[in-house]
Each structure stands twice: as structure tokens, then as C-alpha cells.
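Per-entry structural report
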Amino acid sequence: MLNTATKSEAPGTEQELTDGFHLVIDALKLNGINTIYNVPGIPITDLGRMAQAAGIRVISFRHEQNAGYAAGIAGYLTKKPGVCLTVSAPGFLNGLTALAHATTNCYPMILVSGSSEREIVDLQQGDYEEMDQLAIAKPLCKAAYRVLHAQDIGIGFARAIRAAVSGRPGGVYLDLPAKLFGQVMNAEAGQKSLVKVIDAAPAQIPSPASVKRALDVLKSAKRPLIILGKGAAYAQADEEIKSFVEKSGVPFLPMSMAKGLLPDTHPQCAGAARSTVLKESDVVMLIGARLNWLLSHGKGKSWGEAPKKFIQVDIEPKEMDSNVEIVAPVVGDIGSVVSAFNQAMGSGWTAPPAEWTNAVSSKREENVAKMAPKLMNNKSPMDYHGALGVLKNVIKDYPEAILVNEGANTLDLARGVIDMYKPRKRLDVGTWGVMGIGMGQAIAATLETGHPVLAVEGDSAFGFSGMEVETICRYNLPICVVIFNNDGIYRGTDVNGANSDPATTVFVKGARYDKMMEAFGGVGVNATSPDELKRAVNEAMASGKPTLINAVIDPAAGSESGRIGNLNPQSVLQKKK
Ligand SMILES: CC(C)(COP(=O)(O)OP(=O)(O)OC[C@H]1O[C@@H](n2cnc3c(N)ncnc32)[C@H](O)[C@@H]1OP(=O)(O)O)[C@@H](O)C(=O)NCCC(=O)NCCSC(=O)C(=O)O
């Protein structure tokens, strides 16, 4: 529909007019972008209002970083760029962390920020929120564009959309100076200037030679392993991936956001035998997973002594050989590559030696059996395993629900304990281990998919986005937030011996986060035992009402994040003690 702004008034020259505001909205609608995550303010308040009036869903947050995390995860879930709209300088900077996070995690996202007048900014004459936003955004995203003229809005959005989703997806910045919104032009010419992006993320077909090479290497293995990353989950090639893994008979290890691509309870899943498969495998096929710190860069003691060959499937050729030699690189989009694998495998594929698959299964069963009794304890205050045992069963009963997870212990333990059954149901801190993704991701996840969300949050992690519980209540979203409250970061028992200030890692003892939810009309529950937690979460999932459960965890439970390579150095003096 033509979004006519007004008519010109000069006698005899009457014509339909449009303006920058309407052209931005038309450009989004033309390209099927129907949600904007935003924080209103100068100069984009009216843009949000008009977009809402024009049928776009405009979700207003309390802080741009959370709106940005929402947009990023919306992109991951839908393969369309998630749009975050902010005001100039401070709002833009708040959104920028999320834009960089989207780029790092390969989520398609566009940060659209209003900006101040070019002429004044460039002469540094002190305009309202003066800042050269384009220059600042550039190193933190895949592409950055500024639109100065209303007739270029169509091209500006087309470039932004294509850059966000094509090849390896990522974040794009679009700078819209305040003056642009008020620029008036002929409505027909305005509509003609809009661009519908055709085939925004074209299939990238792998070369037949690379497919054959990869399968030959996999076939030659005695102890093969497939590692699935969130790139594989992003691809939405779920059936192809499942049939490839099953046909190959190879044990698979899901990275945290790839959990559920095949169920964690699948007989080939090696998640509960992680150390064993990394160490013992002789051929490793990476599908949409990068050999970064989360995989110890493909070398060192996690990978064992035995020589290893790597096969890597990625849309980005530069990813190959980034840390170790890739003997069989396959460049292409994951859907196309895996379907080529399936075709090339034919019917004559032989499963890996039973000696290997049996060894992986027994290790997995041993670890699962070791953990099982810990998950059934009914201690009060709770420990992590007692509380997580409850949540594991909730996800089993509600496999469509989306699990959002952040924290230190809360993240590390939930990742292992809570089995996922369906693709793209686990959303977490991603490549950077960001604390603060929680409420933004929870909000976008339910809005984009229509499914309820269970957000399992460390008390510290929750604090970064906690004010968005008001947003959850305002939009009446089916989100149940469970806060693992052990009174601090890692644990709540640290003591400062130097003066009367609290230790750097502790919070107010016995805090009642549930009261925050009640303040905005949601349901708040204080749960002190696994039984109470179970009752409260089940009620929340059944009712769909915005709920926050303060799960009281023993302040002494929990340990400091220490598994992250050598990134957590100790002082020489501390070591000597
Ligand atoms: C890099 C990692 C994938 C490596 O994790 P690991 O702990 O080595 O592996 P996992 O978590 O997958 O598994 C741990 C162990 O549990 C076993 N395991 C896994 N699943 C199961 C089940 N279901 N049952 C029993 N045992 C299981 C698995 O085999 C491992 O045992 P074994 O096989 O016997 O070894 C992870 O550390 C990670 O994702 N880290 C991200 C952390 C992060 O981003 N933190 C945010 C920073 S917090 C912060 O800001 C800060 O602290 O500062």
C-alpha cells in the first residue's frame, strides 16, 4: 500500500507526496520485515509511531542493548535481518554492543540509528548528540551505510538487508540523519525508488570435488566425530542434517546452541562424552562450527595426542585453516553441502567400527548415570543440580519451549543437564560468553516463534537486562524467568578482608527478585526447594503468564569460571599463598 504522506498545496501542481519516514517504513514492509525492536527518542520517536500505525510490530525496550540482542536473535531464528532502532549517540552506542555481538555470532541484524546533522557533525560544532556514528560502527559490523537523500532509502535498505544475510551472516549498521526523515518527494517516484531484495542469501553450492574429498576422509576414519555448530542450526536444514548424521553412523557433538538439532537423547549423541570424543577421535568433521576457544582452537590437551584430520564445512572460505590444517575444506551453505553429502553417499556407506561407537556410548552412559542421582536431590536451599533436575523435566514436557540461558555456573551446568529435543530451542551467550543477552533474547524468541520461553538466569547475568521484565509484562509475554540466586557472582560467600565494603563478587544477601516482577503486574514466586520450583515453573508454563521465580540457591554453591583456557589468570602473589 502506498504510504502517502501528504499532498502538495501549490495550485495547479497538486501531487501525492511522501517523506523519509514513510519510505523507511515502506522499504521494510516491501522486504517482509514486520518487527522492529526499539527504544524511542530523538529523532526516531515518530518513526516508531508511524511504523506501528502502518502495521509493523514495534516493540519498545527499556535499553537499546536489550533491543539489539532481541534483533540479533530474531535474525538467527528467522534468517531475516532483525532490526533494532535507536536514537543517536548514546542510544547508538548502547545498541552497538549488540551489533558487534551479532557480527561475531553470525546473526543477521541491522542497527538503524538516527543521527545528527552531517554539516554540523563534520565541522564538530556541537550538535545535539553529535557523533560520527558511521565511522564508529564500521569496524564492528559486516557493512555500514549512511543514507542522505530520501530517494536513496530503498537502495540503503536493500544493501543493508543483502549484506546482513548473504554469505556469512552478520550485523549491518544503517545511519539515518534526522533531516532525512522530513525530506519530501513525489510519492510515485518514492515508491519506484524502493528495492525488493531478490534472493538475498543465494545458495552456495559446494564443488563436487570438495564433497568427494570430505566424504573420502570421513570414510577412512576409524574413530570419526561430527561437531555441529550453531551455523548448522541457523541453516534450517534440519532434515538433511539429521539424515546425514544418521546415515553416517558417526557420533556427533553439538555445540551449545546446536543442541536439539538432533535430540540430545539420540543414540549417536556424544555430548555427555565430550572429553573422550575430542581426545580419541581421528577424523573430525565440523559443520557450521568454528575452531575457536570453545573448541580449544583444535589443539592442545583437550584434543589428545593422536594425530587428527579435520574436515570443515563453512560458508566462509577464510574460516579454513584458521587454527589448524583443514585437510578437506567444503565451502558452501550448510543446506547445500549436507544435501550434496547425502546424495554422494548413496546406499553403500559403511558405519564406523563398532569398537568406537560402543566406546562412546559406554562413556556417555557412564557420565549420565553419574549425574542422575545429583539431579534428584531435594535440598533446601537448593544446589545447582537439584534445581536443574527440575528444569530438565520441564523442557522434556514442553519440548517446543525455548530455553534462554546465561550465567557462569548456571550456564555451564544447565548446558550439560538440560537435554534439548528440537532445533534452535536453546539460545545462550554465544561466542563471546556475553552476560546480558537474557531478557532481549527471551522477548524476541517468543515473539518470533509464538512459543513460550524458559529463561534460566544467573543472578548476576539477569542484572544486565533485568529492567526488561517490565517489557515482558507490558506485552504480556509467555516468559518464565528462573533466577538462580546464590547471592553473588560465582557464589555469594566471598569476604573482603580489607575494609567494610562488600567483596567484589557478592550481592545483597537474600534478595527477592520475584518482587520486581510483581511490581509490574507479573507473577513472582520465591522457591526455596526443588519441589517448590517444580510447582512454580509448571504453573507458569501452563498459564503462559509472565512469571519470575527467585530460586534460592545455596550461596556456597558454585565455582569460579575456570574452564576457559588460560583466560582466567591468577596473580603470582595469590598463587604463592
Ligand atoms: C568451551 C566449553 C564448550 C567446554 O565445556 P566443557 O565443560 O569442557 O564441556 P561441556 O559443558 O560440554 O561438558 C562438561 C562435562 O559434562 C559432560 N556432560 C555433558 N552433558 C552431560 C549429560 N547430559 N550428562 C552427563 N554428563 C554430561 C561432558 O561430557 C563433560 O564431561 P567430560 O566428557 O567427562 O569432560 C564450555 O566451557 C563453554 O561453552 N563455555 C562457555 C562458557 C561461557 O561462555 N561462559 C560465560 C562466561 S561467564 C562470565 O562472564 C565470567 O565468568 O566471567
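Counting restarts for each chain: residues are numbered from 1 in the order of the written sequence. Totals for whole chains, interfaces and linings use all residues, but because this is a predicted model, local features are given only for residues with pLDDT of at least 70 and pairs of side-chain atoms are given and counted only at 80 or more. Hydrogens and water molecules were not included; the side-chain quantities draw on all heavy atoms of the structure.

1. A few points about the overall build of the protein
Every helix listed is a DSSP run of H or I at least four residues long, and every strand listed is a run of E at least two residues long, numbered separately from the N terminus. Counting its secondary structure elements, the protein contains 23 helices and 20 strands. Only C-alpha atoms enter the radius of gyration; for comparison, a globular chain is expected to reach 2.2 Å times N to the power 0.38, where N is the number of residues. Since a compact globule built from 577 residues should have a radius of gyration of about 25 Å, the 25 Å found for the protein is in line with a globular shape. Out of the 577 residues belonging to the protein, those deemed buried represent 55%. Two residues form a contact once any of their heavy atoms are found within 4.5 Å. Sequence-distant contacts in the protein: of pairs separated by 6 or more residues, those separated by 24 or more amount to 75%. When the accessible surface of the protein is summed, it comes to about 24100 Å², and 54% of that surface belongs to carbon and sulfur atoms. We call a residue buried when its accessible area falls under 20% of the maximum for its residue type, exposed when it is over 50%, and partly exposed in between, using a 1.4 Å probe and counting protein chains only. Accessible surface is estimated by sampling points in the Shrake-Rupley manner with a 1.4 Å probe; for residues, cover comes only from the protein chains shown.

2. Things to note about the packing of aromatic side chains
When two rings of Phe, Tyr or Trp (its six-membered ring) have centres within 6.5 Å they constitute a pair, described as stacked for plane angles under 30 degrees, edge-to-face for angles over 60, and tilted for the intermediate range. In this structure the tally under the stated criterion is 9 aromatic pairs. Pairwise contacts between aromatic rings join Tyr-76, Tyr-107 and Tyr-234 into one cluster.

3. Some words on the pairing of strand 10 (residues 224-228)
On a regular strand, each side chain points to the face opposite its neighbour's, so the side chains alternate between the two faces of the sheet. Most of strand 10 is tucked away: 5 of the 5 residues are buried. The two faces of strand 10 match: Pro-224, Ile-226 and Leu-228 on one face and Leu-225 and Ile-227 on the other face are all buried. What makes two strands pair is DSSP finding at least two bridges between them. Here strand 10 pairs with strand 12 (residues 283-287) via 5 bridges, running parallel. Opposite Ile-227, over in strand 12, you have Leu-286 as the bridge partner. For strand 10 and strand 11 (residues 252-254), the ladder comprises 3 bridges, and the chain directions are parallel. Looking across to strand 11, one finds that Ile-226 is bridged to Phe-252.

4. Concerning the packing of helix 10 (residues 208-220) against helix 14 (residues 334-345)
Interhelical geometry of helix 10 versus helix 14 gives an angle of 65° and a closest axis separation of 10 Å. When the axes of helix 10 and helix 14 are compared, the pair comes out roughly perpendicular. Relative to helix 14, helix 10 is oriented so that their crossing is right-handed. Residues Val-211, Ala-214 and Leu-215 of helix 10 form the contact with helix 14, whose participating residues are Ala-340, Phe-341, Ala-344 and Met-345. Here, axes are lines fitted to C-alpha atoms. For helices the fit covers the stretch in contact, and angles between N-to-C directions go from 0 to 180 degrees. In these notes the angle categories are as follows: under 35 degrees is roughly parallel, over 145 is roughly antiparallel, 65 to 115 is roughly perpendicular, and the rest is oblique. Note on convention: near helix rotated counterclockwise from far helix by under a right angle means a left-handed crossing. Clockwise means right-handed.

5. Focus: the nonpolar core
Buried Ala, Val, Leu, Ile, Met, Phe, Trp, Tyr and Cys residues that are joined via side-chain atoms within 4.5 Å together make up what is termed a nonpolar core. Of all hydrophobic cores here, the largest spans 91 residues; its most connected members are Leu-228, Ile-241, Phe-244, Ile-287 and Phe-341. Counting residues per element, this core draws most heavily on helix 3 (residues 64-78), at 8 residues. Ignoring anything within four residues of it in the chain, the contact list for Phe-244 reads Leu-215, Leu-218, Ile-226, Met-285, Ile-287, Val-338, Phe-341, Asn-342 and Met-345. Of all hydrophobic cores here, the second largest spans 40 residues; its members include Ile-33, Leu-47, Ala-54 and Ala-150.

6. Some points on the site of the ligand
Near the ligand, the surroundings consist of 21 residues, among which Ser-275, Arg-415, Gly-416, Tyr-490 and Ser-561 are the closest. Polar contacts here mean pairs of N or O atoms no more than 3.5 Å apart (in protein, one a potential hydrogen donor and the other a potential acceptor; neighbouring residues in sequence count only if both atoms are side-chain atoms). Ser-275 is positioned with one of its side-chain polar atoms (N or O) 2.3 Å from an oxygen atom of the ligand. The side chain of Tyr-490 places a nitrogen or oxygen atom 2.7 Å from an oxygen atom of the ligand. A total of 1000 Å² of accessible area belongs to the ligand in isolation, and the protein chains cover 77% of it. Of all the secondary-structure elements, those providing two or more residues to the shell around the ligand are helix 13 (274-280), helix 15 (354-375) and helix 17 (409-417). Top element by residues in the shell around the ligand is helix 17. It accounts for 4 residues. Being near a molecule or strand, for a residue, means having at least one of its heavy atoms within 4 Å of it.

7. Comments concerning helix 10
Multiplying 1.5 Å by the helix residue count minus one yields the expected span of that helix. Given a rise of 1.5 Å per residue, 13 residues ought to cover 18 Å, and the 18 Å separating the end C-alpha atoms of helix 10 matches this to within 8%. On its buried face, helix 10 is in contact with strand 10, helix 12 (238-248), strand 12, strand 13 (309-314), strand 14 (328-331) and helix 14.

8. Points about the UniProt feature "domain: Thiamine pyrophosphate enzyme TPP-binding" (unreviewed entry) in the protein
UniProt positions are given in the numbering used here, feature names are shortened, and annotations may be inferred rather than shown by experiment. Feature annotation in UniProt assigns "domain: Thiamine pyrophosphate enzyme TPP-binding" (unreviewed entry) to the following positions: residues 409-550. Structurally, residues 409-550 is divided into 37% helix and 17% strand, and its ends, taken at the C-alpha atoms, are 16 Å apart.

9. A closer look at the sheet that holds strand 11
Reading across from one edge, 11-10-12-13-14 is the order of the 5 strands in this open sheet, with parallel pairing throughout. Edge positions in the open sheet fall to strand 11 and strand 14, since each of these has one partner strand only. Neighbour to neighbour, the strand axes of the sheet diverge by 15° on average, direction disregarded. Of the pairings in the sheet, the one linking strand 12 to strand 13 comprises 5 bridges and is parallel in character. From the neighbouring strand, Leu-286 faces strand 13, where its bridge partner is Gln-312. In this fold helix 10 packs onto strand 10, strand 12, strand 13 and strand 14, with an angle of close to 140° to the strand it touches most, strand 14.

10. Quick word on the pattern of salt bridges
For this analysis, a salt bridge means a side-chain nitrogen from Lys or Arg found within 4 Å of a carboxyl oxygen belonging to Asp or Glu. Within this structure, the stated rule accounts for 25 salt bridges. Among the salt bridges present, the one from Lys-179 reaches Glu-119, with a minimum N-O distance of 3.2 Å. One end of the pair, Lys-179, is in helix 8 (residues 178-182); the other, Glu-119, is in helix 5 (residues 118-122), and 60 residues separate them in sequence. Exposure remark for Lys-179: the relative accessible area of 48% places this residue in the partly exposed category. On the accessibility criterion, Glu-119 (48% relative accessible area) is partly exposed. In this structure, Arg-426 and Asp-428 form a salt bridge, with 2.9 Å as the shortest nitrogen-oxygen distance. The class of Asp-428 is buried, set by a relative accessible area of 3%. One salt-bridge network, held together by shared partners, links Arg-62, Glu-470 and Arg-474.

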